[in-house]
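Okay, here's what each chain looks like letter by letter:
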Amino acid sequence: MGLLQGKVVVITGGAGRLGRVFTEAVVAADGRVVVAEVMNARTTAAIEALRAAHGDAVAGVECDITDAASLDRLIKGAVDRFGRIDALVNNAYPRNAAYGRRFEEVAYADFVENVGMHAGGYFLAAQRFIDHFRRQGHGNIVNMASIYGVVAPRFEVYAGTDMTMPVEYAVIKSGVLMLTRYIAAHCAGMGIRCNAISPGGIRDGQPEVFLERYRAHALTKGMLDAHDVTGTLLFLLSDLSAYINGQNIVVDDGWTL
Ligand SMILES: NC(=O)c1ccc[n+]([C@@H]2O[C@H](COP(=O)([O-])OP(=O)(O)OC[C@H]3O[C@@H](n4cnc5c(N)ncnc54)[C@H](O)[C@@H]3O)[C@@H](O)[C@H]2O)c1
C-alpha cells in the first residue's frame with residue numbers, strides 16, 4: 001500500500017516545473033491529485049499528459065489563486081470529483097511581466113502586484129481551504145517557500161548572468177514561512193495542520209557559470225532536480241508527519257548552512 005493510499009491532494013500550479021513532478025510522486029504513492037491551474041495551451045497540454053499517464057488518478061480543474069470565487073469552485077470541483085480533499089499544496093507561482101528585475105528597477109506597482117498575487121494568493125487559497133477543511137473535520141496544507149525566505153541572497157552567484165534574486169521573492173517567501181506558522185496556530189484544535197518546504201534552486205537550463213558558483217556553496221550536488229524535493233512533500237502529506245505542524249523543512253543540499 002502506498003504512503004498516500006486514498007488521499008486526495010490539490011496542487012495549485014500543478015502543471016508547472018515542480019507541480020508536474022509532485023503530481024507524479026503523489027500518484028506513485030497511491031494518492032489522487034487535482035491539478036489546479038490557470039488554463040492555457042501549456043498547462044492544458046501538461047494536464048493532458050498527466051491524465052494520459054495516470055488516468056482518473058489525476059484531474060485538472062481551472063483555478064486562479066488570486067480569486068476567491070475561483071478557489072471555491074476548485075474546492076467544489078475537487079469534492080465532486082473525488083469525494084473529499086485531504087491536502088492543499090500551495091505551489092502556484094504567479095508573477096507579472098515585470099517580475100525578475102534588479103532591485104533598482106522594480107517599480108512600486110509591480111512590487112505590490114507580485115507580492116499580492118503570490119503571498120496574497122497563498123493566503124487566500126489557505127483561507128478558502130481551511131473553511132472547507134473545518135467543515136470536513138480534517139485537512140493538511142503544505143506551502144512552498146524557498147531558501148530565499150530563510151537567508152539573504154548571495155548576489156555573487158548571479159554575477160555575469162542576466163539573473164538576479166528578485167526582492168519580491170524574498171518578501172513573498174519569508175512571508176509564506178510566517179503565514180505557515182500563523183495558519184498552524186490559527187487552526188489549533190481543528191484537525192488541520194500546515195507546514196512549509198523551502199527548496200534550494202532547481203536546475204532548469206541556467207548558465208554554467210551560475211551553476212558552478214551556486215555549487216560552491218552546496219555540500220554535494222548544487223542545484224537540485226524537482227525529484228529531490230518529492231520525498232519531503234510525500235512525508236508532509238502522509239500520516240508519518242501527523243504531529244509535525246507549523247514547521248519549515250529546508251531541502252537545499254546544505255546551501256543555507
Ligand atoms: N524552481 C525553483 O528553483 C524553486 C525553488 C524554490 C521554491 N520554488 C517554489 O516552488 C513553487 C513552484 O515553482 P515552479 O518552479 O514549479 O514554478 P513554475 O512557474 O514552473 O510553475 C508554477 C505554476 O503556477 C501556475 N500559476 C501561475 N499563476 C497562477 C494562479 N494565479 N493561479 C493558479 N496557478 C497559477 C502556472 O501556470 C505554473 O504552471 C513556487 O512556489 C516556487 O516559488 C521553486
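All figures in this text were calculated on a predicted structure; none of them were measured in a lab. (Residues numbered from 1 in each chain as written. Predicted model: local features only at pLDDT ≥ 70, side-chain atom pairs only at ≥ 80, totals over all residues. Heavy atoms only, no water.)

A look at the side chain of Ser 238
Next up, step 1: For Ser 238, the position within the fold is in the loop between α7 (227–237) and β7 (248–251).
Next up, step 2: By relative accessible area, Ser 238 is classed as buried at 0%.
Next up, step 3: If we skip the residues at most four places from it in the chain, Ser 238 touches Leu 3, Leu 4, Lys 7 and Arg 193. (Helix = DSSP H or I, 4+ residues; strand = E, 2+ residues; numbered from the N terminus. Buried < 20%, exposed > 50% of the residue type's maximum accessible area, 1.4 Å probe, protein only. Contact = heavy atoms within 4.5 Å.)

Focus: the pairing of strand β3 (residues 58–62)
For a regular strand, side-chain orientation follows a simple rule: the groups alternate between the two sheet faces.
Next up, step 1: Sheet analysis places strand β2 (residues 32–37) next to β3, joined by five bridges and oriented parallel. When the sheet's bridge partners are listed, Val 33 is paired in β3 with Val 58.
Next up, step 2: Remark: the β2/helix α2 (residues 41–54)/β3 crossover connection has right-handed handedness. (Pairing = 2+ DSSP bridges. Right-handed = clockwise from strand over helix to strand, strands pointing away.)

Some remarks on the sheet that holds strand β1 (residues 8–12)
Next up, step 1: Read from one edge of the open sheet, seven strands run β3-β2-β1-β4-β5-β6-β7, paired in parallel fashion. Each end of this open sheet is capped by a strand with a single partner; those strands are β3 and β7. When strand polarity is set aside, the average angle formed by the axes of neighbouring strands in this sheet is 20°.
Next up, step 2: Direction of pairing for β1 relative to strand β4 (residues 87–90): parallel, over a ladder of three bridges. If you follow Val 9 over to β4, its bridge partner there is Ala 87.
Next up, step 3: Running over the sheet, helix α5 (residues 167–186) touches β5 (139–144), β6 (192–199) and β7 and is turned about 160° from β6.
Next up, step 4: Each of β1, β4, β5, β6 and β7 touches α7; the most contacted strand, β6, lies at about 170° to it. (Axes fitted to C-alpha atoms, helices over the stretch in contact; angles between N-to-C directions.)

Observations regarding the packing of aromatic side chains
Next up, step 1: This model, assessed by the stated rule, comprises seven aromatic pairs.
Next up, step 2: Over the ring of Tyr 93 we find Arg 95, and its NZ or CZ is 3.7 Å from the ring centre.
Next up, step 3: The ring of Trp 255 has Arg 154 sitting right over it, with the charged end atom 4.5 Å from the ring centre. (Phe/Tyr/Trp six-rings, centres within 6.5 Å; stacked < 30°, edge-to-face > 60°. Lys NZ or Arg CZ within 6 Å of the ring centre and 35° of its normal.)

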